Amino acid sequence: MKIHDLGDKLQMHFEDGVPTRIVEGYKVQLIEMKYQMAKIFVMAVATDKKITKELRKEINRVKGVRGFYTLSAGLVDNVVAIPVSALNKPDVVYGRVEALILGLKSLGIHPLDYCPLCGEKDDLDSHRIIGGMYVEVHDHCAKEFVSAASETVDTIKPNYSKLPGAILFALLMGFIGGLPAFLIYAFGNYFVGLLFAIIPFAAFWAYKKANGPKNWIAITIVSIISVIVPALYLIWLYDSIAFTYLSMTFSQALSDSEFSTAFFSDLGMSVLFSVIGIWISWNYMYKHMASSVKNRIKEFE
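So what exactly am I meant to see when it comes to the side chain of H138 here?
With respect to the helices and strands, the residue H138 is situated in the loop between β8 (133-137) and α4 (139-155). Judged by relative accessible area, which is 6%, H138 ranks as buried. A polar atom in the side chain of H138 sits 3.3 Å from the backbone oxygen of D123. The contact partners of H138, leaving out residues within four places of it in the chain, are C115, C118, E120, D122, D123, L124 and D125.

Looking at this structure, how should I read the packing of helix α5 (residues 163-188) against helix α6 (residues 198-209)?
When two helices pack together, you describe them by how their axes are tilted relative to each other and by the distance separating the axes. Axis separation between α5 and α6 bottoms out at 7 Å; the angle between their running directions is 150°. As the angle between them shows, α5 and α6 are arranged roughly antiparallel. Our pair here, α5 against α6, has a crossing hand that is right-handed. Contacts between α5 and α6 involve L163, A166, F169, A170, M173, G174, G177, G178 and P180 from the former and I198, I199, A202, A203, W205, A206, Y207 and K209 from the latter. A breakdown of the residues in the contact of α5 with α6 according to their chemical character gives 13 nonpolar, three polar and one charged.

Just checking my understanding: could you explain the packing of α5 against helix α7 (residues 216-245) for this structure?
Put simply, α5 and α7 touch, their axes get as near as 8 Å, and they point 45° apart. Between α5 and α7, the angle falls in the class oblique. Crossing angle aside, the handedness with which α5 passes α7 is right-handed. When α5 is examined against α7, the residues L163, I167, A170, L171, G174, F175, G178, L179, F182, Y185 and A186 are found in contact with a partner set consisting of I217, I221, I225, V229, L232, Y233, L234, W236, L237 and Y238. Class assignment for the residues of the contact of α5 with α7 results in 19 nonpolar, two polar and no charged.

Procedures and definitions
Residues numbered from 1 in each chain as written. Predicted model: local features only at pLDDT ≥ 70, side-chain atom pairs only at ≥ 80, totals over all residues. Heavy atoms only, no water. Helix = DSSP H or I, 4+ residues; strand = E, 2+ residues; numbered from the N terminus. Buried < 20%, exposed > 50% of the residue type's maximum accessible area, 1.4 Å probe, protein only. Polar contact = N/O pair within 3.5 Å; in protein donor to acceptor, adjacent residues only side chain to side chain. Contact = heavy atoms within 4.5 Å. Axes fitted to C-alpha atoms, helices over the stretch in contact; angles between N-to-C directions. Parallel < 35°, antiparallel > 145°, perpendicular 65-115°, else oblique. Left-handed = near helix turned anticlockwise from the far one by under 90°. Nonpolar A, V, L, I, M, F, W, Y, C, P; charged D, E, K, R; others polar.

What follows is the structure, given as structure tokens:
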């Protein structure tokens, strides 16, 4: 179902194409958000506060709120969003929305009613679609922000001198991140696909800490590490098996059809789960790329 069709089903009106409805004095907007490379519908409320870890805990305690996301629209982490299924009936959806809003009210969290760029409420003469949400702003504030932010991003040049160190640190953390998946396979003899996602997360975290260039090179390096690490663990395991049980080297054992079939079958599975791990972490990595930052700045133009 398309977002406009779902908006009609939920009896919402449209502001610059964004399905919107006022509930208990709060503007609720229907938007699409990415979740692990998939797109889902959420009912989102832009608030006047950053949703901290402490506030998240308090909101989670609200009766009727069964899980929510925090997004950013003008301010950092100032949006509370609950997932919506196209199969849900309007009364079910708005029941959850009202529960959420009552919880926000009880915590002193109010709707965003000022320009998020300057903090002033008066003369909100324009708006921008930020993160899929209709946000009122001062036009001059938005233009000044775009100009200043674009200049800042353009002056940040990739520091390739730190690339070798970033690669080594990412590789080291990739091996550490791969340990849980490897140990469970070595001693339990089965693959846990989600554990493979730890490898790209760990490798990318290390790459960032080492200040490697945040461009396409970063994702390429992390993807390669995410495939190489499980393969090297697997080669080491089968090399140990060949030496301990067959009294052969790994290359000699590959001539045995049973051994080679088992190895290449497991190697194929490790590559498959590595790709799944990269897919799960892709959105997280992309958010930190320079191109992603530039796209977010463009929302204020």
